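A closer look at the structure
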Amino acid sequence: MKTVKYTVSALALAAVSATAAAARDQVQVAGSSTVLPYATIVAEAFGENTDFPTPVVESGGSSAGLKKFCEGVGENTIDIANASRKIKDKEVAACAEAGVSDIIEVRIGYDGIVFASDINGPEFAFTPADWYKALAAEVVVDGELVANPYTKWNEVNPAFPDQDILAFVPGTKHGTREVFEEKVILAGCEETGALEALVGMKGDEKAAEGTCMALRTDGRAVDIDGDYTETLARVDSNKAGFGVFGLAFYENNTDKLRVATMSGVVPSTESIASGEYPVSRPLYFYIKKAHIGVIPGLKEYAEFFVSDDMAGPDGPLAAYGLVSDPELAATQAMVAAEETMK
Amino acid sequence: MTDASAQFEGRGRPSLRVQDARTRRRNAAEKRFRAYGLVAIGVGILALFVLLASIFGNGSSAFFQTKIQLQVPLEEKALDKSGTRDPEAMKKVTTVGYGRVLKAALADLIAREGIEIDGLSKRDIDSFLSKEAPAQLRNHVLANPDLIGTTIAFEVMTNGRIDGYFKGRVSLDSAELDSNVSPAQLHLADALKDRGLLGTGFNLDFLTAPDASDQRPEAAGLGVAIIGSAYMMIVVLCLALPIGVAASIYLEEFARKNWLTDLIEVNIANLAAVPSIVFGILGLAIFINFAGLPQSAPIVGGLVLTLMTLPTIIISTRAALRAVPPSIKDAALGIGASKTQAVFHHVLPLAAPGILTGTIIGLAQALGETAPLLLIGMVAFVREYPGAPVEGFFDPASALPVQVYNWTQRADPAFVERASGAIIVLLAFLVVMNTIAIVLRRRYERRW
């Protein structure tokens with residue numbers, strides 16, 4: 001008898017689940033783990049100060065978030081994708097194929113990428129060229145392409161102390177890696193003149209850039225596929241190592257990390273906003289326009305996110321480490337007008 | 001006889017009192033094996049001890065929280081400009097406005113107590129309190145609009161770094177280097193503590209409050225995660241137990257033994273060994289993309305975990321049914337009971353303790369499972385409590401193990417303590433469930 005009762009209740013439950021999919025009343029967001037802390041800060045304040053429920057924010061990476069975003073239109077798909085890079089044409093095409101054609105692109109500000117080591121370590125003043133020479137798989141020596149021979153920082157640049165080269169860089173699935181390769185390694189490659197030499201050798205700029213950006217695989221450049229907490233743990237256990245962090249993460253751990261300057265500039269929200277600090281990137285989120293008006297609070301959340309109270313230079317996001325966008329007013333107008341990407 | 005003794009003598013055995021080389025070797029081998037066993041157990045216990053010590057060392061402080069007593073004047077001109085005491089109109093004042101009220105109250109307290117600290121800036125005072133505090137005050141006032149115009153005693157949390165100072169995570173030395181706290185703030189905290197205005201007490205909010213953002217680790221709690229986990233366990237229990245028991249009874253008592261049932265049996269055993277992430281991929285494809293169930297919902301988590309738990313329950317149920325002596329069923333059949341009657345009246349009640357034990361162990365396994373939940377959107381920042389069952393099953397929620405995963409990724413060091421605290425809660429649930437399973441087995445299981 002008992003089993004019969006159980007079975008009936010199970011069937012009832014299954015029936016409910018089939019008919020459910022009731023109207024969703026909270027905004028759903030997914031994407032970049034770099035944008036995640038900002039999105040949660042905004043979501044929290046949004047839930048507190050409005051009558052809308054607090055949006056649900058998932059992380060998982062820019063690419064994963066945009067993939068989910070492009071799954072289609074409807075209540076069981078997400079409304080907003082956070083990204084630490086611009087959406088790619090390929091992704092826009094995938095979106096359009098699934099019926100997600102009107103996308104609103106919102107730039108929320110900039111994020112700096114900093115190089116930091118253990119707090120008790122020596123001070124470093126890097127240039128991109130130093131990083132290129134220290135981490136590239138192959139470098140140009142006397143006009144010849146050879147496997148990277150450097151093992152100590154003072155071999156790269158005599159001004160540096162006699163310390164083993166060891167760097168923890170974000171893994172390839174992170175948006176941060178792309179910025180690191182382009183703005184540091186490639187810039188360093190160009191600075192040292194290696195790029196020019198490589199173009200001469202390979203006869204093709206793309207191939208030359210590819211060679212520039214290939215990192216050494218002899219254990220001196222360690223890919224970190226986890227997040228910055230893992231990088232911090234690695235730096236902590238290996239005092240000679242350098243970690244590549246987001247500015248916000250560093251700002252929250254200034255008691256454990258010593259930050260290095262890049263081209264003579266100390267990374268800070270001010271130096272990134274003024275463009276002096278070279279390694280920064282814009283952060284975005286993408287809104288599905290078809291969901292505005294269907295999901296309550298979606299437009300309000302987007303407007304709240306880019307409002308001066310949140311994303312402005314004195315707002316909580318800037319306090320956490322976001323470099324606020326000087327063109328925020330234009331973004332606000334764009335969100336209000338629901339302007340989509342072309 | 002003499003032949004035999006002659007044989008022994010021929011093998012050169014001098015005396016029973018003196019061990020020969022072979023016996024010594026055998027005895028030594030036995031001693032060695034015992035030593036290996038002891039070492040193995042020792043290593044196991046040491047590993048467990050280190051694990052527990054690190055978790056409890058890091059996490060027990062999550063159950064305590066530093067709070068400060070403030071006298072907060074709720075002035076009409078700041079909080080209710082319309083003067084109507086209408087909560088709808090009062091909602092215009094955001095947490096920023098309430099934050100100002102609290103900061104003023106703290107500055108007032110410092111002045112009243114005559115606390116003077118070198119280098120204490122306005123910014124230090126402003127960031128002394130938790131960013132959660134204005135929201136708490138706002139909710140309190142909106143719920144009781146009549147408080148406007150009075151001065152209330154309000155207990156608010158301090159910033160996570162100040163809290164960390166009393167828990168040993170932050171020191172005066174580290175505060176020098178830390179951009180989020182200054183030594184002056186710590187001196188202020190000490191001065192307030194000496195006057196009995198600030199103290200560290202038990203933190204029930206850790207178990208009831210929802211998650212909080214990176215800027216307020218001190219406010220983060222497990223409320224939504226515990227409800228989410230509980231909802232998932234209800235779904236698993238309601239689906240896996242009846243389906244699992246029905247399948248086992250049929251396979252064990254009614255099904256003919258042929259190649260088809262053999263095939264099913266092999267597949268059930270295989271299913272029990274499938275990595276749990278595979279069930280997550282399946283859940284994403286079937287329950288979310290095909291059936292259209294909502295993301296991040298306990299119902300989807302429950303369904304996925306049901307699939308994962310079913311083989312465990314089926315295997316243990318079949319073992320329990322098989323352990324009931326056939327003579328009992330035979331006796332029932334012998335006096336004219338139908339097969340169904342024999343099974344439901346006699347075999348199943350006797351097998352029940354074994355079935356329940358298997359179910360509880362299966363549930364405990366499901367409770368600690370994270371991997372499949374990653375794929376169905378449960379690893380999310382969820383601040384709203386899900387509704388009451390059954391509608392609440394479809395609301396977004398978190399779960400205990402994914403909350404641990406989530407917190408270990410946060411930048412603020414205070415989340416390390418929270419993550420370990422969450423592990424303690426999860427362990428407590430697991431210990432309780434496993435204890436129930438053992439007690440059930442001890443008390444009700446019969447041996448023949």
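These numbers were taken from a predicted model, which means no experiment stands behind them. (Residues numbered from 1 in each chain as written. Chains lettered and ligands numbered in written order. Predicted model: local features only at pLDDT ≥ 70, side-chain atom pairs only at ≥ 80, totals over all residues. Heavy atoms only, no water.)

On to the UniProt feature "domain: ABC transmembrane type-1" (unreviewed entry) in chain B. Within the UniProt annotation, "domain: ABC transmembrane type-1" (unreviewed entry) is assigned to residues 226–437 of chain B. Summarising residues 226–437 of chain B: 75% helix, 1% strand, and an end-to-end C-alpha distance of 21 Å. (UniProt positions renumbered as here; feature names shortened; annotations may be inferred. Helix = DSSP H or I, 4+ residues; strand = E, 2+ residues; numbered from the N terminus.)

Turning our attention to the nonpolar core. Counting 93 residues, the largest nonpolar core has A:W131, A:L135 and A:F180 as its most contacted members. Per-domain counts for this core show at least three residues from each of domain 1 (22–110 + 282–336) and domain 2 (112–280) of chain A. Leaving out residues up to four positions away in the same chain, A:F180 has contacts with A:F115, A:W131, A:L135, A:V169, A:I185, A:L215 and A:V244. With 61 residues, the next largest nonpolar core counts B:M232, B:V300, B:V304 and B:F415 among its residues. (Core = buried A, V, L, I, M, F, W, Y, C linked by side-chain atoms within 4.5 Å. Buried < 20%, exposed > 50% of the residue type's maximum accessible area, 1.4 Å probe, protein only. Domains from an automatic or database assignment. Contact = heavy atoms within 4.5 Å.)

Bringing the side chain of B:D214 into the picture now. Turning to its location among the elements, B:D214 is positioned in the loop between α11 (205–208) and α12 (223–254). Accessibility expressed as a relative area gives 4% for B:D214, which makes it buried. Within polar-contact distance, the side chain of B:D214 engages the side chain of A:Y320 at 2.8 Å. Among all residues touching B:D214, those that are not within four sequence positions of it are A:P37, A:T40, A:Y320, B:R410, B:A411, B:D412 and B:F415. (Polar contact = N/O pair within 3.5 Å; in protein donor to acceptor, adjacent residues only side chain to side chain.)

Moving on: the UniProt feature "transmembrane region" (unreviewed entry) in chain B. Residues and elements named next belong to chain B. Within the UniProt annotation, "transmembrane region" (unreviewed entry) is assigned to residues 35–57, 230–251, 271–293, 299–321, 342–364 and 419–440. Taken as a whole, residues 230–251 contains 100% helix and 0% strand, while its terminal C-alpha atoms sit 31 Å from one another. Helix makes up 100% of residues 342–364 and strand 0%. Its end C-alpha atoms lie 31 Å apart.

One pass over the full model with this rule turns up 1 cavity of 30 Å³ or more. As a volume, the largest cavity reaches approximately 40 Å³. If you trace the largest cavity, you find it lined by A:L36, A:T40, A:V57, A:E58, A:S59, B:V379, B:A380, B:F381, B:N406 and B:R410. Breaking the lining of the largest cavity down by element, the ones donating at least two residues are α2 (36–49) and β2 (56–58) of chain A together with β4 (380–381) of chain B. For the lining of the largest cavity, the class distribution of residues is 5 nonpolar, 3 polar and 2 charged. (1 Å grid on protein atoms, 1.4 Å probe; cavity = no way out; pocket = protein on both sides within 12 Å on 5 of 7 lines; lining within 4 Å. Points joined across faces, edges and corners; volume = space filled by probe spheres on them. Nonpolar A, V, L, I, M, F, W, Y, C, P; charged D, E, K, R; others polar.)

Residue B:V390 is reached from B:P389 by a cis peptide bond, and omega for that bond is 5 degrees. Mapped onto the secondary structure, B:V390 falls in the loop between β4 and α19 (400–408). You will see that A:S263, though not glycine, has its phi angle at about 50 degrees, which is positive. Within the element layout of this structure, A:S263 appears in the loop between β12 (261–262) and α12 (269–273). Classification of A:S263 by relative accessible area gives partly exposed; the value is 43%. Of note in the backbone geometry, A:E338 takes a positive phi value of approximately 55 degrees without being a glycine. With respect to the element layout, A:E338 can be found in the segment after α16 (328–336).

Right, let's talk about the pairing of strand β7 (residues 144–147) of chain A for a bit. All names here are of chain A. Relative to β7, strand β6 (residues 138–141) is paired through 4 bridges, and the arrangement is antiparallel. Paired with V141 across the bridge in β7 is E144. In textbook terms, the turn of a hairpin is the stretch between consecutive antiparallel strands, and for β6 and β7 this stretch comprises 2 residues, one of which, D142, has a positive phi near 50 degrees. (Pairing = 2+ DSSP bridges.)

Residues and elements named next belong to chain A. Across all of its chains, the model carries 2 disulfides over all chains by this definition. There is a disulfide in this structure between C70 and C95, and the S-S distance comes to 1.9 Å. Handedness of the C70-C95 disulfide follows from its S-S torsion of about -75 degrees: it is left-handed. Of this pair, C70 sits in the loop between α3 (62–69) and β3 (80–83) while C95 sits in helix α4 (residues 89–97); the two residues are 25 residues apart in sequence, bridging distant segments of the chain. Given the relative accessible area of 0%, C95 is considered buried. Note on cysteine connectivity: C189 is disulfide-linked to C212, with sulfurs 1.7 Å apart. Taking the sign of the torsion about the S-S bond as the criterion, the disulfide between C189 and C212, at about -45 degrees, is left-handed. (Disulfide = S-S within 2.5 Å.)

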